[in-house]
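The lines below spell out each chain.
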Amino acid sequence: MITTGSVKGVPASPLDDLRSPAVLGALAALAQEHRLAAFRLLVEAGPDGVSAGDLADRLAVPRSSLSFHLSQLMAAGLIIQRRESRSLIYSADYAAMGDLIAFLTENCCRSGGC
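Report follows, based on the coordinates. (Residues numbered from 1 in each chain as written. Predicted model: local features only at pLDDT ≥ 70, side-chain atom pairs only at ≥ 80, totals over all residues. Heavy atoms only, no water.)

Side note on the side chain of S91
Here is step 1 of the chain: Residue placement: S91 occurs in strand 3 (residues 87-92).
Here is step 2 of the chain: Taking relative accessible area as the criterion, S91 reaches 7% and is therefore assigned buried. (Helix = DSSP H or I, 4+ residues; strand = E, 2+ residues; numbered from the N terminus. Buried < 20%, exposed > 50% of the residue type's maximum accessible area, 1.4 Å probe, protein only.)

Some words on the sheet that holds strand 1 (residues 50-51)
Where strands meet in a sheet, backbone hydrogen bonds hold them as pairs that are either parallel or antiparallel.
Here is step 1 of the chain: One open sheet holds the three strands; their spatial order is 1-3-2, and the pairing between them is antiparallel. Edge positions in the sheet fall to strand 1 and strand 2 (79-84), since each has one partner strand and no second.
Here is step 2 of the chain: Sheet topology note: the strand 2/strand 3 ladder contains six bridges and is antiparallel. Bridged to E84 within strand 3 is S87.
Here is step 3 of the chain: Lying on the sheet, helix 2 (residues 33-45) is in contact with strand 1, strand 2 and strand 3; it crosses strand 3 at an angle near 85°. (Pairing = 2+ DSSP bridges. Contact = heavy atoms within 4.5 Å. Axes fitted to C-alpha atoms, helices over the stretch in contact; angles between N-to-C directions.)

Comments concerning helix 5 (residues 94-105)
Here is step 1 of the chain: The terminal C-alpha atoms of helix 5, which comprises twelve residues, lie 16 Å apart, in line with the 16 Å expected from a rise of 1.5 Å per residue.
Here is step 2 of the chain: Along helix 5, the positions that sit buried rather than exposed are A96, M97, D99, L100 and F103. The arc enclosing the buried residues of helix 5, seen along the axis, measures out at 160°, which places them on a common side.
Here is step 3 of the chain: Residues of helix 5 that are buried in the fold lie against helix 1 (21-30) and helix 2.
Here is step 4 of the chain: Of the residues that open helix 5, the one with a side-chain oxygen 3.2 Å from the backbone nitrogen of A95 is D93. (Expected span 1.5 Å × (residues − 1). Arc of directions from axis to C-beta. Polar contact = N/O pair within 3.5 Å; in protein donor to acceptor, adjacent residues only side chain to side chain.)

Digging into the packing of helix 2 against helix 3 (residues 52-59)
Here is step 1 of the chain: Where helix 2 meets helix 3, the axes come as close as 11 Å, and the angle between the chain directions of the two elements is 120°. Between helix 2 and helix 3, the angle falls in the class oblique. Judged by the twist between their axes, the crossing of helix 2 over helix 3 is right-handed. Along its contact with helix 2, which presents H34, A37, A38, L41 and L42, the element helix 3 presents L55, R58 and L59.
Here is step 2 of the chain: Taken together, the residues that form the contact of helix 2 with helix 3 break down as six nonpolar, one polar and one charged. (Parallel < 35°, antiparallel > 145°, perpendicular 65-115°, else oblique. Left-handed = near helix turned anticlockwise from the far one by under 90°. Nonpolar A, V, L, I, M, F, W, Y, C, P; charged D, E, K, R; others polar.)

Structural measurements only, silent on function.
Below, the structure written as structure tokens:
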């Protein structure tokens with residue numbers, strides 16, 4: 001999971017550095033059309049998530065390709081996978097998404113230019 005913020009006496013978050021592997025990994029994972037589409041669909045779906053088969057059908061992506069893309073999103077910490085019976089269900093990790101958004105907007109309007 002991606003985390004932000006720092007507390008006095010506690011080391012800074014990995015997201016405090018733009019070169020952080022967590023930030024770069026999350027942004028790299030989203031910088032591909034099928035992964036971005038899958039992530040957005042999972043964000044829309046809410047915490048209940050979507051099965052891998054349903055995701056493949058809704059995105060019109062072959063299941064083998066989708067599996068690769070979902071693995072990339074999981075490795076970046078942006079989505080969560082769980083098993084329900086024989087199905088794999090994927091959902092967005094909202095905490096990680098919030099942390100990434102917070103990192104990207106942390107210094108917004110600091111110079112008063114907004």
